[in-house]
Amino acid sequence: MSEETRKSPVVVSVINLKGGVGKTTVAALFARYAARMNLNVLAVDLDPQANLSQALMTERDYQQFMESREASIVELFNGYLPPSPERSAPAPLENVLKKVGSRRKENFHLIPSRFDFADNLISRVSVDEHVLAKFISDEMGDKDLILIDCAPTESVLTRTAYHASRYVLVPVKTEFFSTIGFPLL
């Protein structure tokens, strides 16, 4: 397929610099609905609290994911899954995709987060803010919709989401404190 005819997914970051406004709920419900409408969907959990991962995976699946140290958004930022006693070579970056749903639909995937995400980024000298945009461009051309759930802070994670997105969806509750983060965007 030539570069001119290559399909691009619609990429939407769900962001507000205020917590508790429903970012994760909006991202999870939007992703589930789009997958039910037979769109090829990728949800990306770009929040170290990992709420989207927990919302889209069963409790048992998320616990197993954490215990087995499977690939996550951490490996996307690091570029590979390091060798381990079970693995002599790095795992392909595609292993970061987890099928979502009780039927493990082929059209609904998640790049999960885990609680050590922030620690992994802090220990790095520099973080490539374009890594997610490159991954989407290079590997996710088959997706129709990509939703990125963001942390409620201005950070390298937020800037990474901006670079990767065509659209930004900003949930705001109709209360004073929820509107504070909006102008900061």
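That block above? That's the structure.
Worth saying up front: this structure is predicted, and the values here are computed from it rather than measured. (Residues numbered from 1 in each chain as written. Predicted model: local features only at pLDDT ≥ 70, side-chain atom pairs only at ≥ 80, totals over all residues. Heavy atoms only, no water.)

Novice: Is there a simple way to think about the overall build of the protein chain in this case?
Specialist: Secondary structure assignment for the protein chain yields nine helices and six strands. Across the 185 residues of the protein chain, 44% fall into the buried class. When contacts within the protein chain are restricted to residue pairs at least 6 apart in sequence, long-range pairs at least 24 apart make up 78% of them. (Helix = DSSP H or I, 4+ residues; strand = E, 2+ residues; numbered from the N terminus. Buried < 20%, exposed > 50% of the residue type's maximum accessible area, 1.4 Å probe, protein only. Contact = heavy atoms within 4.5 Å.)

Novice: Can you help me understand the pattern of salt bridges in this one?
Specialist: For side chains of opposite charge, pairing can occur when their charged atoms come near one another. By the definition in use, this model includes six salt bridges. In this structure, R60 and D61 form a salt bridge, with 3.9 Å as the shortest nitrogen-oxygen distance. The exposed category is assigned to R60, whose relative accessible area is 62%. With a shortest N-O distance of 2.9 Å, K134 and D128 are connected by a salt bridge. With a relative accessible area of 44%, K134 lands in the partly exposed category. (Salt bridge = Lys/Arg side-chain N within 4 Å of Asp/Glu carboxyl O.)

Novice: Before we go on, may I ask you to explain the pairing of strand 2 (residues 41-46) in this structure?
Specialist: Two faces belong to every sheet, and in a regular strand the side chains alternate between them. Burial analysis of strand 2 places six of its six residues in the buried class, which makes it a mostly covered element. Residue alternation in strand 2 divides its side chains into two sets, V41, A43 and D45 and L42, V44 and L46, and both sets are buried. As judged from the six bridges shared by strand 2 and strand 5 (residues 145-150), these two strands associate in the parallel manner. Within strand 5, the residue paired with L42 across the bridge is I146. (Pairing = 2+ DSSP bridges.)

Novice: Whenever I open this one, the sheet that holds strand 1 (residues 10-14) confuses me. Can you help?
Specialist: The six strands lie next to each other as 3-4-2-5-1-6, forming an open sheet whose pairing is mixed. Looking at strand neighbours, the two that pair on one side only are strand 3 (98-99) and strand 6 (167-169), the edges of this open sheet. Bridge count for strand 1 against strand 6 is three bridges, and the pairing is parallel. For V14, the partnering residue across the bridge sits in strand 6 and is L169.

Novice: How should I be thinking about the packing of aromatic side chains in this particular structure?
Specialist: Both the distance between ring centres and the angle between the ring planes are used here to describe each pair of aromatic rings. Under the counting rule described, the total for this entry stands at one aromatic pair. Ring geometry for Y62 and F65: centres 5.5 Å apart, planes at 40°, overall tilted. Of this pair, Y62 and F65 both sit in helix 3 (residues 59-68), separated by three residues, roughly a single helical turn. Both residues of the pair, Y62 and F65, belong to the buried class. (Phe/Tyr/Trp six-rings, centres within 6.5 Å; stacked < 30°, edge-to-face > 60°.)

Novice: Would you mind showing me how to read helix 7 (residues 156-164) here?
Specialist: An α-helical turn contains 3.6 residues, so a residue and the one three or four places further along point in the same direction. Turning to helix 7, its buried residues are V156, L157, T158, T160, A161 and A164. The opening residue of helix 7 is S155, an N-cap whose side-chain oxygen sits 3.1 Å from the backbone nitrogen of L157. (Polar contact = N/O pair within 3.5 Å; in protein donor to acceptor, adjacent residues only side chain to side chain.)

Novice: It is not clear to me how the environment of V170 should be interpreted in this structure. Could you clarify?
Specialist: Structurally, V170 can be placed in the loop between strand 6 and helix 8 (176-179). On the basis of relative accessibility, which here comes to 22%, the residue V170 falls in the partly exposed class. Note: C-alpha distance between V170 and N16 (154 residues apart in sequence) is 5.5 Å.

Novice: Hey, could you run me through the nonpolar core in this one?
Specialist: Nonpolar side chains tend toward joint burial in soluble globular proteins. Counting residues in hydrophobic clusters, the biggest one holds 24 residues, and the most contacted among them are V44, L46, I111, L132, I146 and I148. The set of elements that each furnish at least two residues to this core consists of strand 2, helix 4 (73-78), helix 6 (131-139), strand 5 and helix 7. Tallying contributions element by element places helix 6 first for this core, with five residues. Those residues within four positions of I148 in sequence are excluded, and the remaining contacts are V11, V12, S13, V14, V44, L46, L132, A161, A164 and S165. With 20 residues, the next largest nonpolar core counts A31, A35, F108 and L147 among its residues. (Core = buried A, V, L, I, M, F, W, Y, C linked by side-chain atoms within 4.5 Å.)

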